[in-house]
Amino acid sequence: MALKLKDDASELLLDRTRESSRLYQEACEVMPGGVTANIKYFDPYPILMKKAEGAILQDVDGNSYVDYLLSYGAMALGHGHYKVTEAVLKQIMNMGSTMFGTPHQFEIDLARKLIRLYRGIEKIRYTNSGTEATLLAIRMAMAYTSKYKIAKFEGHYHGGFEQVLVSINPDVSKAGSEDCPCPVPESAGICQDHLENTIVLPFNNLEATERILRAHADQLAAVIIEPVQAGFIPADPEFLQGLRQITTELGILLIFDEVKTGFRVSLGGAQEKYGVTPDLTTLGKVLGGGFPIGVVGGRADIMDISAPAGKGDLFDAGTSKRRSDDVLFHSGTYNGHPSILSAGLATIEVLEDDENFKQIEETTMTLRRGIEQLFDHYGVPGTTLGLGSIFNVVMSDKLVRNYRDIQKTNLNLRRELDYELLNLGVYTKPLNRYSVSLAHTQKEIDHTLNAYEVALNRVKRRGKL
Ligand SMILES: Cc1ncc(COP(=O)(O)O)c(C=O)c1O
């Protein structure tokens, strides 16, 4: 991974990624915007990867990168961990098929592990993505409480459906006041009804949150929250505890969306780290070991409303008891897919080894301290922020506690650094958070910190520091 010097970051990127550029043009002919998920796009075009091993990605032009995107945090063991590969191959060989479309043993085995690890989980259901998990959790909350509004926090992402595609990255000038944010749609095609039925709350501001919740309590089924906003802005412990108390008092269910924080902030997620028990929890990413998965878990009395036995649901085979609206509908051809659950079981087994989990956290801290020392050395107002094995690089010397604070940091400087780092073999999507894996070693950390130093010098030379 030789470091090549040239001044303009984007020009150099174009030079180094010609094959990506060519393939991207082709992709645009067959997919809108050339991508299958909008998040994969960045200017001038996304880099196409062709191979990965451990902590390293290789692109179609042959450039190597230390990978901190890790598929948006999912690859906690790094790429191609032998235990995961072995488990999946064994599942297919031993079971004779990738899936049966019936219940099977792995469903019980993985459920037992999650119930043991997560203080808020007594029963679970599998889904195929984090988005499906949050969607199901919200429907469960509505069915359980017979109330039909939800509240979410400004700046928090819970997947790609109407009820939660609200105020994730809003234009602050349209988003109302800091302590009483108003709902801003985050996609074309969001019906006004959803904006009226999703209440937006200010993160880490207990007083304002309580005021808004009290005003809407009799219509609110649930509050959904990323306990660590965007995976890197930790909730104040008193804030989470206070939120738990208020929601309990008002009869509003509390959903911890731990799709990012599960198995990263600690093995038992943010709920373990903070000692706060939600009513429902959603998981995904790391749990799939590199395959698509989601889970909703929670209190047995809530989860049990999706049990069809004795009541029947819309797929009920001809019993006279059939009443679709007695049961919460939840189904999916691929739910609890055996190959995916075997990858998840293998991943959790590796992470359950304390030494492994500690190693990922320590590698993360070494990297974070290294970046912070470089910022100090170069007099750059910047720091790192996060918990466990996820963090972000924040270009500000002010405290960052919520979405509005992030908007006041120097995002242009961060972007400049990110593009330089791409040219220097350090990969995360520009402006995205960093995730670290078991496969990251001192060698990758040294490479990253060297690249940071070169990047800081280049940005400084261009007068952007
Ligand atoms: C907190 C959170 N919830 C839900 C989701 C949606 O998960 P998926 O992309 O698997 O649908 C994400 C994805 O990044 C997430 O970070």
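Thresholds applied
Residues numbered from 1 in each chain as written. Predicted model: local features only at pLDDT ≥ 70, side-chain atom pairs only at ≥ 80, totals over all residues. Heavy atoms only, no water. Domains from an automatic or database assignment. Contact = heavy atoms within 4.5 Å. Salt bridge = Lys/Arg side-chain N within 4 Å of Asp/Glu carboxyl O. Polar contact = N/O pair within 3.5 Å; in protein donor to acceptor, adjacent residues only side chain to side chain. Core = buried A, V, L, I, M, F, W, Y, C linked by side-chain atoms within 4.5 Å. Buried < 20%, exposed > 50% of the residue type's maximum accessible area, 1.4 Å probe, protein only. Helix = DSSP H or I, 4+ residues; strand = E, 2+ residues; numbered from the N terminus. Near = heavy atom within 4 Å. Areas by Shrake-Rupley, 256 points an atom, 1.4 Å probe, with all protein chains shown as cover. Expected span 1.5 Å × (residues − 1). Pairing = 2+ DSSP bridges. Axes fitted to C-alpha atoms, helices over the stretch in contact; angles between N-to-C directions. 1 Å grid on protein atoms, 1.4 Å probe; cavity = no way out; pocket = protein on both sides within 12 Å on 5 of 7 lines; lining within 4 Å. Points joined across faces, edges and corners; volume = space filled by probe spheres on them. Nonpolar A, V, L, I, M, F, W, Y, C, P; charged D, E, K, R; others polar.

Draft legend 1. Structural detail: the domain arrangement of the protein chain. Domains assigned within the protein chain are domain 1 (9–80 + 355–461) and domain 2 (82–352). Here domain 1 and domain 2 have C-alpha centroids that lie 27 Å from each other. Of the residues lining the interface, 34 residues belong to domain 1; the matching set on domain 2 comes to 38 residues. Notably, a salt bridge pairs glutamate 154 with arginine 404, separated by 2.8 Å at the nearest N-O pair. At the boundary of domain 1 with domain 2, the tally comes to 13 residue pairs in polar contact (both at pLDDT 80 or more).

Draft legend 2. Representation of the nonpolar core. Of all hydrophobic cores here, the largest spans 58 residues; its most connected members are Leu114, Phe263, Leu287, Leu351 and Phe375. Elements represented by at least two residues in this core include exactly helix 4 (82–95), helix 5 (105–117), strand 4 (123–127), helix 12 (338–352), helix 13 (354–377), strand 16 (390–394), helix 15 (411–423) and helix 16 (442–461). Sort the elements by how many residues they give to this core and helix 12 lands first, with eight residues. Counting contributing residues per domain, this core is built from domain 1 (9–80 + 355–461) and domain 2 (82–352), each supplying no fewer than three. Discounting residues that sit within four places of it in the chain, phenylalanine 375 has contacts with Val380, Gly382, Thr383, Val393, Met395, Leu417, Tyr452 and Leu456. Grouped together as the second largest cluster of nonpolar side chains are 32 residues, Ile199, Phe232, Ala235 and Phe256 included.

Draft legend 3. Fine view of the site of the ligand. Neighbouring the ligand are the residues Ser129, Gly130, Thr131, Tyr157, His158, Gly159, Glu226, Asp257, Val259, Lys260 and Lys285. Within the contact set of the ligand, an oxygen atom lies 2.6 Å away from a side-chain nitrogen or oxygen of threonine 131. A distance of 2.6 Å is found between a nitrogen atom of the ligand and a side-chain nitrogen or oxygen belonging to aspartate 257. Its free accessible area being 390 Å², the ligand has 82% of it covered by the protein chains.

Draft legend 4. Up close: helix 9 (residues 237–250). The end-to-end C-alpha distance of helix 9, which contains 14 residues, comes to 20 Å, matching closely the 20 Å that a straight helix rising 1.5 Å per residue would cover. Of the positions making up helix 9, those classed as buried are Phe239, Leu240, Gly242, Leu243, Arg244, Ile246, Thr247 and Leu250. Considering only its buried residues, helix 9 is in contact with strand 5 (149–153), helix 8 (206–216), strand 9 (220–225), strand 12 (253–257) and helix 10 (269–274).

Draft legend 5. Structural detail: the sheet that holds strand 16. Strands sit in the order 15-16-18 across an open sheet of three strands; the sheet is antiparallel. The open sheet has two free edges, formed respectively by strand 15 (383–387) and strand 18 (434–435), since each of these has just one partner strand. As defined by bridge partners, strand 15 adjoins strand 16 across five bridges and the pair is classed as antiparallel. Across the sheet, residue leucine 387 finds its bridge partner in strand 16, namely isoleucine 390. Here helix 13 sits on the sheet in contact with strand 15 and strand 16, set at roughly 160° to strand 15.

Draft legend 6. How the structure looks around the layout of surface pockets. Here the second largest pocket defines a volume of roughly 830 Å³. Together, 33 residues line the second largest pocket, and Pro103, Glu107, Arg125, Tyr126 and Asn335 are the ones closest to its centre. Mapped by element, the contributors of at least two residues to the lining of the second largest pocket are helix 5 and strand 4. Broken down by element, the residue count for the lining of the second largest pocket peaks at five residues, all from helix 5. Class assignment for the residues of the lining of the second largest pocket results in 16 nonpolar, 11 polar and six charged.

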